[in-house]
Amino acid sequence: MSWQSYIDDHLMADIDGCHLTAAAIVGHDGSVWAQSATFPQFKPEEVTAIMNDFDNPGTLAPTGLYIGGTKYMVIQGEPGAVIRGKKGSGGATVKKTNLALIIGIYDEPMTPGQCNMVVEKIGDYLIEQVMSTFIRCLELWVLGYNKKSLSSDCPRQSLQKLGYAAGAGAQRSTFGHEISLGIEIRLV
């Protein structure tokens, strides 16, 4: 499935006669992976501020959440995972995944709860898919499933697909996050 399919078929889908007014999937670096035709032009400092709030929850509360130059009052979210904003009869939800931000903007008649549900479910699904792919690959590698076709680099390749450099000890991802597998596997 393409990133644009997540926008067109899921984020912008009709829910009880309502749909988001705009949606996007944006990399942590601000690169746009996919967006609806109505999504506003993001400014680099807006992505930086959002990422900063995920790393240091509460930093957007005094200044507001900006998306395409529109200011949203930050309301209750989930520190490090979800930022929610309100503006008049509309608002926005931003869900952080391993490598991307899932952003939904809504206006009446859509409710805040409907927007949250759509954006957060897609984000949770993507997080789950990335982790289950890595775990399954690791399981196959540990079990030695089809040894001839399964590379010993399978876990390393899965981590690289997640944007991480894999190797001995702690490594820095392409986004500067430190990870450490903390496991040792010995095949006997």
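Under an unreviewed UniProt entry, the protein has the name Profilin and belongs to Sesamum alatum. We quote the UniProt Sequence similarities (unreviewed entry) comment for the protein here in full: "Belongs to the profilin family." Taken directly from UniProt, the Subunit (unreviewed entry) text for the protein runs: "Occurs in many kinds of cells as a complex with monomeric actin in a 1:1 ratio."

## Focus: the pattern of salt bridges
All told, the structure shown has three salt bridges when counted by the stated rule. Across the pair arginine 84 and glutamate 78 runs a salt bridge whose closest N-O atoms are separated by 3.3 Å. Where lysine 95 meets aspartate 124, a salt bridge forms, and the shortest distance between an N and an O atom there is 2.8 Å. One end of the pair, lysine 95, is in strand E6 (residues 90-96); the other, aspartate 124, is in helix H3 (residues 112-143), with 29 residues separating them in the sequence. On the basis of relative accessible area, aspartate 124 is assigned to the partly exposed category, the value being 40%. Via salt bridges that share partners, Glu78, Arg84 and Glu120 belong to a single interconnected network.

## Some thoughts on the sheet that holds strand E5 (residues 82-87)
If you walk across this open sheet you meet the seven strands as E2-E1-E7-E6-E5-E4-E3, and the pairing is antiparallel. Taken across any chain shown, the strands that pair with only one partner, and hence form the sheet edges, are strand E2 (32-35) and strand E3 (65-67). Here the average twist between neighbouring strands, direction ignored, is 25°. Here six bridges tie strand E1 (residues 22-27) to strand E7 (residues 100-106), and the two strands are oriented antiparallel to one another. Counterpart to alanine 24 in the pairing with E7 is isoleucine 103. Contacting E1, E2 and E7, helix H1 (residues 3-11) runs over the sheet at an angle of about 150° to E1. Its contacts with the sheet put helix H2 (residues 44-55) on E1, E3, E5, E6 and E7, and the angle it makes with E6 is roughly 65°.

## What about the nonpolar core?
Counting 19 residues, the largest nonpolar core has Ile50, Ile67 and Val94 as the members making the most contacts within it. Of all the elements in the fold, those that place two or more residues in this core are E1, H2, E3, E6 and E7. Ranked by residues supplied to this core, first place goes to H2 with four residues. Setting aside residues no more than four positions away along its own chain, valine 94 makes contact with Ile50, Phe54, Leu65, Ile67, Ala81, Val82, Ile83, Leu101, Ile102 and Ile103. Membership of the second largest hydrophobic core comes to 18 residues, among which are Leu11, Ala34, Tyr106 and Val119.

## Examining H2
What sets the pattern is the α-helix's 3.6 residues per turn: residues three or four places apart point alike. An ideal rise of 1.5 Å per residue puts 16 Å on 12 residues; H2 measures up with 17 Å between its terminal C-alpha atoms. Within H2 the residues assigned to the buried category are Glu46, Val47, Ile50, Met51, Asp53 and Phe54. All buried residues of H2 project into a common sector of 155° when viewed along the axis, lining one side. When the buried face of H2 is taken as reference, the exposed residues oriented beyond 90 degrees from it are Pro44, Glu45 and Thr48. The elements touched by buried residues of H2 are E1, E3, E5, E6 and E7.

## Considering the pairing of E7
Successive residues of a regular strand alternate their side chains across the two faces of the sheet. Summarising burial for E7: seven of the seven residues are buried, a large majority. In E7, alternate side chains face the same way, and those of Ala100, Ile102, Gly104 and Tyr106 on one face and Leu101, Ile103 and Ile105 on the other are all buried. The sheet contact formed by E6 and E7 spans six bridges and is antiparallel. Bridge assignment links threonine 93 to a residue of E7, and that residue is glycine 104.

## Brief notes about the packing of aromatic side chains
Under the definition given, this model contains four aromatic pairs. Their ring planes at 35° and their centres at 5.6 Å tell us that tryptophan 3 and tyrosine 6 sit as a pair that is tilted. Remark: tyrosine 6 and tryptophan 3 occur in helix H1; sequence separation between them is three residues, near one turn of the helix. On the basis of relative accessible area, tyrosine 6 is assigned to the buried category, the value being 10%.

What counts, and at which threshold
- Residues numbered from 1 in each chain as written.
- Predicted model: local features only at pLDDT ≥ 70, side-chain atom pairs only at ≥ 80, totals over all residues.
- Heavy atoms only, no water.
- UniProt positions renumbered as here; feature names shortened; annotations may be inferred.
- Salt bridge = Lys/Arg side-chain N within 4 Å of Asp/Glu carboxyl O.
- Helix = DSSP H or I, 4+ residues; strand = E, 2+ residues; numbered from the N terminus.
- Buried < 20%, exposed > 50% of the residue type's maximum accessible area, 1.4 Å probe, protein only.
- Pairing = 2+ DSSP bridges.
- Axes fitted to C-alpha atoms, helices over the stretch in contact; angles between N-to-C directions.
- Contact = heavy atoms within 4.5 Å.
- Core = buried A, V, L, I, M, F, W, Y, C linked by side-chain atoms within 4.5 Å.
- Expected span 1.5 Å × (residues − 1).
- Arc of directions from axis to C-beta.
- Phe/Tyr/Trp six-rings, centres within 6.5 Å; stacked < 30°, edge-to-face > 60°.

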